[in-house]
Amino acid sequence: MATSVFATPSWLATDNRCLELCRPSHSDTAHWLHYFPPLAKRDLQAMGCGIDWRRSFITTDMNPYYDSFVRWQVGIAGNAA
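A few words now on the overall build of the protein. Of the regular secondary structure elements, the protein holds 4 helices and 0 strands. Mapped from its N terminus to its C terminus, the protein presents α and β elements in the order α-α-α-α. Of all 81 residues assigned to the protein, the portion counted as buried reaches 6%.

Here's what the structure looks like:
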């Protein structure tokens, strides 16, 4: 019998990290902008990726300057197609 992609893995129900992540305070989207980047950086460094971390940035409306540039760029690309 095939396992559904939506089935909850058994470790998820018992893993303490899940309990921490599922707290109501974690429903704030800004929280995730601070939570995941250090994990991604750690993992990419562990894989040996050579990344210049001095030039990292957030590509959402949390960084209005860059977000407006991306919106402009997408608009230009959309009009060119």
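Attention now moves to the confidence of the model for the protein. Averaged over every residue, the pLDDT of the protein is 75; the share at 70 or more is 67%. The least confident element of the protein is helix α1 (residues 10-14), whose mean pLDDT is 53; the most confident is helix α3 (residues 29-46), at 87.

Below, the discussion takes up the packing of aromatic side chains. One pass over the structure, following the stated rule, counts 5 aromatic pairs. Grouped by ring-pair contacts, the aromatic residues Trp32, Tyr35 and Phe36 constitute a single cluster.

A separate point is the side chain of Asp67. Tracing the backbone through its elements, the reader meets Asp67 in helix α4 (residues 64-80). Asp67 sits in the buried class, given a relative accessible area of 12%. Those residues in contact with Asp67, other than ones at most four positions away along the chain, are Thr59, Thr60 and Asp61.

Take a nonpolar patch on the surface next. Where nonpolar side chains cluster on the molecular surface, the patch consists of Phe69, Trp72 and Ile76 and spans about 320 Å² of accessible area. Secondary-structure assignment places Trp72 in helix α4.

What follows concerns the pattern of salt bridges. A side chain of one charge can pair with a side chain of the opposite charge if their charged atoms are brought near each other. Using the criterion set out here, one finds 3 salt bridges in the structure. Asp43 is the partner of Arg42 in a salt bridge, and the nearest nitrogen-oxygen pair spans 3.0 Å. Accessibility expressed as a relative area gives 48% for Arg42, which makes it partly exposed. Among the ionic pairs, Arg71 bridges to Asp67, the shortest N-O distance being 2.8 Å. Note that Arg71 and Asp67 are positioned in helix α4 at a spacing of 4 residues, about one turn of the helix. Given a relative accessible area of 58%, Arg71 falls into the exposed group.

Conventions we followed
Residues numbered from 1 in each chain as written. Predicted model: local features only at pLDDT ≥ 70, side-chain atom pairs only at ≥ 80, totals over all residues. Heavy atoms only, no water. Helix = DSSP H or I, 4+ residues; strand = E, 2+ residues; numbered from the N terminus. Buried < 20%, exposed > 50% of the residue type's maximum accessible area, 1.4 Å probe, protein only. pLDDT = per-residue confidence, 0-100. Phe/Tyr/Trp six-rings, centres within 6.5 Å; stacked < 30°, edge-to-face > 60°. Contact = heavy atoms within 4.5 Å. Patch = residues over 30% accessible without salt bridge, like charges linked within 9 Å, V, L, I, M, F, W, Y side chains within 5 Å. Areas by Shrake-Rupley, 256 points an atom, 1.4 Å probe, with all protein chains shown as cover. Salt bridge = Lys/Arg side-chain N within 4 Å of Asp/Glu carboxyl O.

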